Amino acid sequence: MTRSAEDVVPLARPVLGPEEEEAVLGVLRSGQLSLGPQVPAFEAAFAARLGARHASAVSSGTAGLHLALRAVGVSDGDEVITSPFSFVASANAILYERARPVFVDIDPRTLNLDPDAAAAAITGRTTAFLPVHIFGYPADVPALERHGLPIVEDACEALGAVHAGGTAVGARGHPAVFGFYANKQLTTGEGGMVTMASAEHKQRIDSERNQGRAPDMGWLDHDRLGFNYRLTDIACAIGIAQLDRLDDMLAARARVAGWYRELLGGIDGLGLPFPDTGGDVRGWFVFVVQLPRGVDRDDTVRALRELGVQSKPYLPAIHLMSFYRERFGHRPGEFPVCEDVAERSLALPFFPELTQGQAEQVARALRAVLHR
Ligand SMILES: Cc1ncc(COP(=O)(O)O)c(C=O)c1O
């Protein structure tokens, strides 16, 4: 049966309205499309929202990770301990600086870097940790802080997440990087933000995102290597409008997650996202289930599609991607928890405007497919 696009429950969809349209038009009318006032305005609003001292807007989460790693001093031949269960950008950014991503296995409940495994992997060449707050669940950054090494947090999926004790993810002081691609909690189309406590880091990142120019923008005074990782004023204006509706969007995502949890509870062998525990609060980004062992995931995706439900294997293990295998000789079996989770993970449709009826359709379809 062929379905029209409206019949299909999509994986993700941004919330955009007249406020974003007005914001874009305002910038177009102003004539200042880049390096204008929207950039510091978005940075200030974002930092204030999280309780972070500084924020720097950048062209993507990946760009932010690259600049944050440089800011904490990662360079040639260094080792950076990180998670193999992440979007590939977190490991790639380490390679941009010719450093080595040292993967360690993950905690089977939170799916974040296992702090004990991270501690065991420290060597004389370890320069930093790069924990990833995967699927918006706070990584155990406090446990990593005990080692006294620099930390760069990949918070690209974790806007709205809060650590036990009430500090927002991204406000512990380490450079923390958020992403604003269209499926994220807040979107600017493409874009990112680095939050941090250090004024020195802020200055370096602001310069390096803009070709290494001096902070006073003195023409032609490029006293260091830089990049073009700037975020446009158009994107920043959209970001400001999105920040205004962020509480509503986060609450809507949490509501959808609550429906799924109820509707999918009790399916034999199906793993649901780890519930908030010990004071940590997830910033809901995706709703990823672990299929029961022995179920063919590709078949499941096909069968769900026939029932009008989009789904996606999410995420593959980074160390088993062909580039990483070839470059570093990684093999299956190195990180068994990560590999088991990566083989069974399936992202279901998840976005703020998903209706209860659509959640029921998804749950009905998944039950039907798993009980065939
Ligand atoms: C965990 C993680 N890290 C890094 C990134 C990279 O962000 P971007 O796509 O904005 O470069 C993403 C987002 O796609 C992500 O999910």
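Up top you'll find the structure we're talking about.
Residues numbered from 1 in each chain as written. Predicted model: local features only at pLDDT ≥ 70, side-chain atom pairs only at ≥ 80, totals over all residues. Heavy atoms only, no water.

Caption draft 1: Region of the structure containing the packing of aromatic side chains. The final tally for this structure, using the stated rule, is 15 aromatic pairs. On the numbers, 5.3 Å between centres and 65° between planes, the contact of Tyr137 with Phe274 is edge-to-face. Of this pair, Tyr137 sits in the loop between β4 (126-130) and α6 (141-145) while Phe274 sits in the loop between α9 (246-264) and β8 (287-290), and the two are 137 residues apart along the sequence. With a centroid separation of 4.9 Å and 40° between ring planes, the pair formed by Tyr260 and Phe287 is classed as tilted. Highlighted residues: Tyr260 in helix α9 and Phe287 in strand β8, separated in sequence by 27 residues. Among the aromatic residues, those joined into a ring-pair cluster are Phe42, Phe46, Phe178 and Phe180. When the ring centre of Trp284 is taken as reference, the NZ or CZ atom of Arg282 above it lies at 4.9 Å. (Phe/Tyr/Trp six-rings, centres within 6.5 Å; stacked < 30°, edge-to-face > 60°. Helix = DSSP H or I, 4+ residues; strand = E, 2+ residues; numbered from the N terminus. Lys NZ or Arg CZ within 6 Å of the ring centre and 35° of its normal.)

Caption draft 2: The arrangement of the pairing of strand β2 (residues 79-82) in detail. The two faces of β2 match: Glu79 and Ile81 on one face and Val80 and Thr82 on the other face are all buried. Of the strand pairs in this sheet, β2 and strand β3 (residues 100-103) are connected by four bridges, and their pairing is parallel. When the sheet's bridge partners are listed, Ile81 is paired in β3 with Val102. This β-α-β element, β2 to helix α4 (residues 89-96) to β3, shows right-handed connectivity. Alignment of β2 against β4, held across four bridges, turns out to be parallel. Note on β4: the bridge partner recorded for Glu79 is Thr126. (Buried < 20%, exposed > 50% of the residue type's maximum accessible area, 1.4 Å probe, protein only. Pairing = 2+ DSSP bridges. Right-handed = clockwise from strand over helix to strand, strands pointing away.)

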